[in-house]
Every structure is written in C-alpha cells, then in structure tokens.
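This is what each chain is made of:
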Amino acid sequence: GAVVSQHPSWVICKSGTSVKIECRSLDFQATTMFWYRQFPKQSLMLMATSNEGSKATYEQGVEKDKFLINHASLTLSTLTVTSAHPEDSSFYICSARAGRLNTEAFFGQGTRLTVV
Amino acid sequence: KQEVTQIPAALSVPEGENLVLNCSFTDSAIYNLQWFRQDPGKGLTSLLLIQSSQREQTSGRLNASLDKSSGRSTLYIAASQPGDSATYLCAVGTQAGTALIFGKGTTLSVSS
C-alpha cells in the first residue's frame with residue numbers, strides 16, 4: 001500500500017510554544033489529507049480536512065487559529081499547534097487519499113504531543 | 001449523523017481460537033468500510049477495505065464481511081496468534097473523498 005510518513009513521532013514542548021507536525025505522502029500525490037486527534041482509549045476524531053492549494057475545512061469545535069493547517073503541495077500537509085497548552089496533549093494522526101474518489105485511506109505513524 | 005459502534009470493547013482469547021469482531025453503523029448509505037489495526041502508541045495499519053458494492057474481503061487469516069442493509073460488518077480472525085494482539089478499528093466512508101468515521105475499537109489480547 002501507499003506510505004504516509006508523519007514527523008515527529010513524539011514531541012515534548014513547553015506551554016505557550018508552537019509545534020509543527022508534518023505529514024508526507026511518499027509514493028503518491030495526496031489531493032486531500034485529514035488530521036485526526038485521538039485521546040486515550042477513545043476513537044479518532046476528525047479535526048480538519050485539507051485540500052491542496054485551498055484552505056482547510058475545520059470540524060465544529062476545532063479552533064482554526066490554534067490548529068493551523070497548511071497543504072501547500074500534493075505531498076505535504078502540516079499541522080501547527082500554536083500557543084500549546086497541557087490540554088492540547090494528545091495523539092495526532094494524519095491520513096491521505098490519492099484522489100477525489102473514496103479510495104483506501106492511508107495513515108501516518110502518529111505524533112504524541114506532550115505539553116508541559 | 002453517522003455513528004459507528006464496535007462490540008466488544010475488549011476481548012481476551014487463547015492462542016489458536018477463531019474470533020469475530022463486530023462493527024455496526026447507523027446510516028446504511030455508506031460508500032465503503034475499512035478495518036484497521038492499531039498497536040499501542042502507533043498509527044493505523046489498513047487491514048481490509050470493503051466497497052459498498054462488495055459483501056466481503058479476505059486477506060490471509062482475516063475476513064471482513066459487510067451487510068449494508070443491516071448496518072453491520074464483522075472481522076473474522078482465524079487461528080489467532082499472540083502477534084494479533086492490538087486494537088482493531090472499524091471506519092466507514094460516507095461519501096467519496098470525505099473523512100472516515102471511526103468506532104472506538106476492540107482491544108484484542110491473544111495469550112500463548
């Protein structure tokens with residue numbers, strides 16, 4: 001299957017700082033990428049959908065000014081958690097599809113963010 | 001609003017047993033359904049993808065079935081092994097190109 005690479009796999013940052021998470025499709029072009037958040041023993045919750053070259057669509061309750069998403073190329077999307085607080089500590093996972101059709105979704109390895 | 005439920009939440013079996021994981025969804029108008037495996041602290045590994053027009057998919061010891069009309073899917077694991085221990089997630093795609101909607105998962109533990 002296709003490969004989605006997410007970096008870093010874990011990060012610890014101080015409150016008030018910003019953290020950038022990268023999601024890359026290594027062997028295909030991803031016109032659409034999705035960012036999810038997962039709390040312990042909970043399901044994956046969709047945060048936003050990003051389409052290459054356009055603004056991301058955020059789910060209700062997700063602060064777009066706090067979680068900045070950029071999808072400037074067909075192989076890279078970034079999620080920046082701005083002014084991080086301890087409650088932002090979570091597991092963030094990205095997903096990508098190769099085209100507009102509902103093809104198989106591939107996921108990154110996830111990023112464990114801890115804000116201290 | 002589509003909701004996905006997985007039962008049981010946790011399951012423990014001895015090595016060698018055949019087992020079934022259940023997934024149900026509230027809106028039968030799905031585009032496809034996908035089963036994933038997630039190891040602790042890791043990302044998701046796609047196991048099987050079933051399109052809405054299909055009834056089942058098989059890969060090795062895994063078999064997934066789909067009954068759209070009843071809003072159900074099952075993941076059958078044959079001859080379970082300790083290496084199968086993980087959380088199994090069911091997710092549905094409701095429209096072309098949209099994000100998947102996930103269940104909470106079933107955490108499987110296979111003892112040797």
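My aim in this report is to walk through the structure given alongside it, one point at a time.

### Observations concerning the nonpolar core
In step 1: Residues Val4, Trp35, Leu79, Tyr92 and Leu113 of chain A are the most contacted members of the largest nonpolar core, which totals 24 residues.
In step 2: With residues up to four places along the chain from it excluded, the contact list for Leu113 of chain A reads Val11, Cys13, Val19, Val81, Asp88, Ser89, Ser90 and Tyr92 of chain A.
In step 3: One finds Val4, Phe25, Leu47 and Leu62 of chain B within the second-largest nonpolar core, a separate group that totals 23 residues.

### Section: the pattern of salt bridges
In step 1: For the structure on display, the rule yields four salt bridges over all chains.
In step 2: A salt bridge links Asp88 of chain A to Lys66 of chain A; the shortest N-O distance between them is 2.8 Å. Placement of the pair is Asp88 of chain A in the loop between strand S8 (76–81) and strand S9 (90–97) and Lys66 of chain A in the loop between strand S6 (57–58) and strand S7 (67–73), with a sequence separation of 22 residues.
In step 3: Of the charged contacts in the structure, one is a salt bridge between Arg37 of chain B and Asp39 of chain B, with a shortest N-O distance of 3.1 Å.
In step 4: Look at Arg37 of chain B and you get buried, because its relative accessible area is 17%.
In step 5: For Asp39 of chain B, a relative accessible area of 28% puts it in the partly exposed group.

### Structural notes on the layout of surface pockets
In step 1: For the largest pocket, the calculated volume is near 700 Å³.
In step 2: Along the wall of the largest pocket there are 28 residues; nearest its centre are Met45, Leu46 and Glu59 of chain A together with Lys1 and Ile101 of chain B.
In step 3: Only strand S4 (32–38) and strand S5 (44–51) of chain A together with strand S1 (4–7) and strand S10 (100–102) of chain B provide two or more residues apiece to the lining of the largest pocket.
In step 4: A per-element tally of the lining of the largest pocket places S5 of chain A first, with five residues.
In step 5: A class-by-class count of the residues in the lining of the largest pocket yields eleven nonpolar, twelve polar and five charged.
In step 6: As for the second largest pocket, its lining consists of 18 residues, of which Gln38, Pro40 and Lys41 of chain A together with Gln38 and Thr87 of chain B are closest to the centre.
In step 7: Counted by class, the lining of the second largest pocket contains six nonpolar, seven polar and five charged residues.

### Section: the sheet that holds S8 of chain A
Residues and elements named next belong to chain A.
In step 1: The four strands are arranged S1-S3-S8-S7 in an open sheet whose pairing can be described as antiparallel. The open sheet terminates on both sides in strands that have one partner only, identified here as strand S1 (4–7) and S7. The average angle at which neighbouring strand axes cross in this sheet is 15°, direction not considered.
In step 2: Where S7 lies against S8, five bridges are found, and the strand directions are antiparallel. For Phe67, the partnering residue across the bridge sits in S8 and is Val81.

### Thoughts on the state of the cysteines
In step 1: The final tally for this structure, using the stated rule, is two disulfides over all chains.
In step 2: Linked covalently through their sulfurs, Cys23 of chain A and Cys94 of chain A form a disulfide whose S-S length is 2.0 Å. The sign of the 80° torsion about the S-S bond sets the Cys23 of chain A-Cys94 of chain A disulfide as right-handed. Pair noted here: Cys23 of chain A is in strand S3 (residues 19–25) and Cys94 of chain A is in strand S9, with a separation of 71 residues, a long-range link. One exposure class covers both Cys23 of chain A and Cys94 of chain A, and it is buried.
In step 3: Bridging Cys23 of chain B to Cys90 of chain B, the disulfide has an S-S length of 2.0 Å. Every disulfide takes its handedness from the sign of the S-S torsion; for Cys23 of chain B and Cys90 of chain B that torsion is -60°, giving left-handed. With Cys23 of chain B in strand S3 (residues 19–25) and Cys90 of chain B in strand S9 (residues 86–93), this pair connects stretches of sequence that are 67 residues apart. Just as Cys23 of chain B is buried, Cys90 of chain B falls in that class too.
In step 4: Unpaired in this structure, Cys13 of chain A has its nearest cysteine sulfur neighbour in Cys94 of chain A, at a distance of 18 Å.

Parameters and conventions
- Residues numbered from 1 in each chain as written.
- Chains lettered and ligands numbered in written order.
- Predicted model: local features only at pLDDT ≥ 70, side-chain atom pairs only at ≥ 80, totals over all residues.
- Heavy atoms only, no water.
- Core = buried A, V, L, I, M, F, W, Y, C linked by side-chain atoms within 4.5 Å.
- Buried < 20%, exposed > 50% of the residue type's maximum accessible area, 1.4 Å probe, protein only.
- Contact = heavy atoms within 4.5 Å.
- Salt bridge = Lys/Arg side-chain N within 4 Å of Asp/Glu carboxyl O.
- Helix = DSSP H or I, 4+ residues; strand = E, 2+ residues; numbered from the N terminus.
- 1 Å grid on protein atoms, 1.4 Å probe; cavity = no way out; pocket = protein on both sides within 12 Å on 5 of 7 lines; lining within 4 Å.
- Points joined across faces, edges and corners; volume = space filled by probe spheres on them.
- Nonpolar A, V, L, I, M, F, W, Y, C, P; charged D, E, K, R; others polar.
- Pairing = 2+ DSSP bridges.
- Axes fitted to C-alpha atoms, helices over the stretch in contact; angles between N-to-C directions.
- Disulfide = S-S within 2.5 Å.

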